[in-house]
Amino acid sequence: MALAAILWIVFFLPSANLLFATGTIMAERLAYLPSLGVCLAAGHLAAAAATGRLRRAAVVTFAGALILAYSVRTAGRIPDWKSNLTLSLADVATSPRSAKLQAGAGMFLAEAGRSDEAEAHLRRALDIYPEYAQMHYNLAVLLLRRGARDEAEAHLRRAIALAPGNPMPQRLLDQPQTVAIHCGSSAIERSLGTSIDA
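Residues numbered from 1 in each chain as written. Predicted model: local features only at pLDDT ≥ 70, side-chain atom pairs only at ≥ 80, totals over all residues. Heavy atoms only, no water.

Trainee: Help me get a handle on helix α7 (residues 133-145), residues and values and all.
Mentor: Taking 1.5 Å per residue as the helical rise, α7 with its 13 residues ought to reach 18 Å, and the 19 Å between its terminal C-alpha atoms agrees with that figure. For α7, a buried count of 12 out of 13 residues is recorded, marking the element as mostly surrounded by other parts of the structure. Considered for burial, the residues of α7 that qualify are A133, Q134, M135, H136, Y137, N138, L139, A140, V141, L142, L143 and L144. Phi for G147, located one or two positions after α7, is positive at around 90 degrees. (Helix = DSSP H or I, 4+ residues; strand = E, 2+ residues; numbered from the N terminus. Expected span 1.5 Å × (residues − 1). Buried < 20%, exposed > 50% of the residue type's maximum accessible area, 1.4 Å probe, protein only.)

Here is the structure:
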């Protein structure tokens, strides 16, 4: 049991945001290695409980039911992984108070050409976390694309205030017409490559 606990702690700590900020969204992919400790503990407890024929049958039945339940849950989750867009929309439906998930949904919707929906998600991300410099920038890109220059300028100025070391918002503020001419969704994609939250 001690080994199981140690494995769980050692594998969970790097993704727990306790030692350092990971900058990623907590999700099932971060639980794979830590689950090794949980599985080891479960196996140890099952072996200890499976003394006698009747108890062994109960443990096997319980384990089989658990495996079946998790298999059904996994099968239900597989369609969410069809694309970045389907995954982000599924995740935002289950965790609507996550600024990062709202932002991700907004960016993938913008990439798919669904600008109105993208804008709504980016606005929700900023409602949740108003200091999100990256989303002020991305929302400004969408606003410039549809001609809402005054509001876009306000978001760019906020992004500059939040991330003064990044030149991207200032560059866009100086030349807003470049968005309308040739950016498509590429300005948002470029903003992903160079985070302005740093």
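Trainee: Any details on the pattern of salt bridges? Residues and values, ideally.
Mentor: Counting across every chain of the model gives eight salt bridges. The salt bridge partner of R123 is E119, with a shortest N-O separation of 2.9 Å. Of this pair, R123 and E119 both sit in helix α6 (residues 115-128), four residues apart, roughly one helical turn. On the basis of relative accessibility, which here comes to 27%, the residue R123 falls in the partly exposed class. (Salt bridge = Lys/Arg side-chain N within 4 Å of Asp/Glu carboxyl O.)

Trainee: Can you tell me about the packing of α7 against helix α8 (residues 149-162), naming the residues and giving the values?
Mentor: Two numbers describe how α7 lies on α8: the axes approach to 8 Å, and their chain directions differ by 160 degrees. On the basis of the axis angle, α7 is roughly antiparallel to α8. Of the two possible hands of crossing, α7 and α8 adopt the one that is left-handed. Where α7 abuts α8, its residues A133, H136, Y137, L139, A140, L143 and L144 lie against R149, E151, A152, H155, L156, R158, A159 and L162. When its residues are assigned to classes, the contact of α7 with α8 shows 10 nonpolar, two polar and three charged. (Axes fitted to C-alpha atoms, helices over the stretch in contact; angles between N-to-C directions. Parallel < 35°, antiparallel > 145°, perpendicular 65-115°, else oblique. Left-handed = near helix turned anticlockwise from the far one by under 90°. Contact = heavy atoms within 4.5 Å. Nonpolar A, V, L, I, M, F, W, Y, C, P; charged D, E, K, R; others polar.)

Trainee: I'd love a proper account of the packing of α6 against α7, names of residues and values included.
Mentor: The contact between α6 and α7 brings their axes to 10 Å, and the two run at 150 degrees. Regarding the angle of α6 to α7, the classification is roughly antiparallel. In the crossing of α6 with α7, the sense of the turn from one axis to the other is left-handed. Taken together, the residues of α7 that come into contact with α6 (itself represented by S115, A118, E119, L122, R123, A125 and L126) are M135, H136, N138, L139, L142, L143 and R145. Along the lines of polarity and charge, the residues of the contact of α6 with α7 split into eight nonpolar, three polar and three charged.

Trainee: Break down the side chain of S88 for me, citing the residues and quoting the values.
Mentor: Tracing the backbone shows S88 in helix α4 (residues 84-94). Those residues in contact with S88 that lie beyond four places of it in its chain are G104, A105 and F108.

Trainee: Report on the packing of aromatic side chains, specifying residues and quantitative values.
Mentor: Considering all chains together, one arrives at one aromatic pair under this definition. Where Y129 meets Y132, the ring centres are 5.6 Å apart and the plane angle is 50 degrees; that geometry is what we call tilted. Given a relative accessible area of 9%, Y132 falls into the buried group. (Phe/Tyr/Trp six-rings, centres within 6.5 Å; stacked < 30°, edge-to-face > 60°.)

Trainee: Give me the nonpolar core: which residues, what numbers.
Mentor: Counting residues in hydrophobic clusters, the biggest one holds 26 residues, and the most contacted among them are Y132, M135, Y137, L156 and L172. Elements that contribute at least two residues to this core include exactly α5 (99-111), α6, α7, α8 and α9 (168-174). Ranked by residue count, the leading element in this core is α7, at eight residues. (Core = buried A, V, L, I, M, F, W, Y, C linked by side-chain atoms within 4.5 Å.)

Trainee: Tell me about the confidence of the model for the protein, and name the residues and values.
Mentor: Confidence in the prediction for the protein averages 83 pLDDT; 82% of positions are at 70 or higher. Taken element by element, the predicted model of the protein shows its lowest mean pLDDT in helix α11 (residues 186-193) (47) and its highest in α6 (96). Of the regions scoring below 50 in pLDDT, residues 180-186 engages in eight contacts with residues more than four places distant in sequence or in other chains. Overall, residues 189-194 carries pLDDT values under 50, and its contacts beyond four positions in sequence, including any with other chains, amount to 11 contacts. (pLDDT = per-residue confidence, 0-100.)

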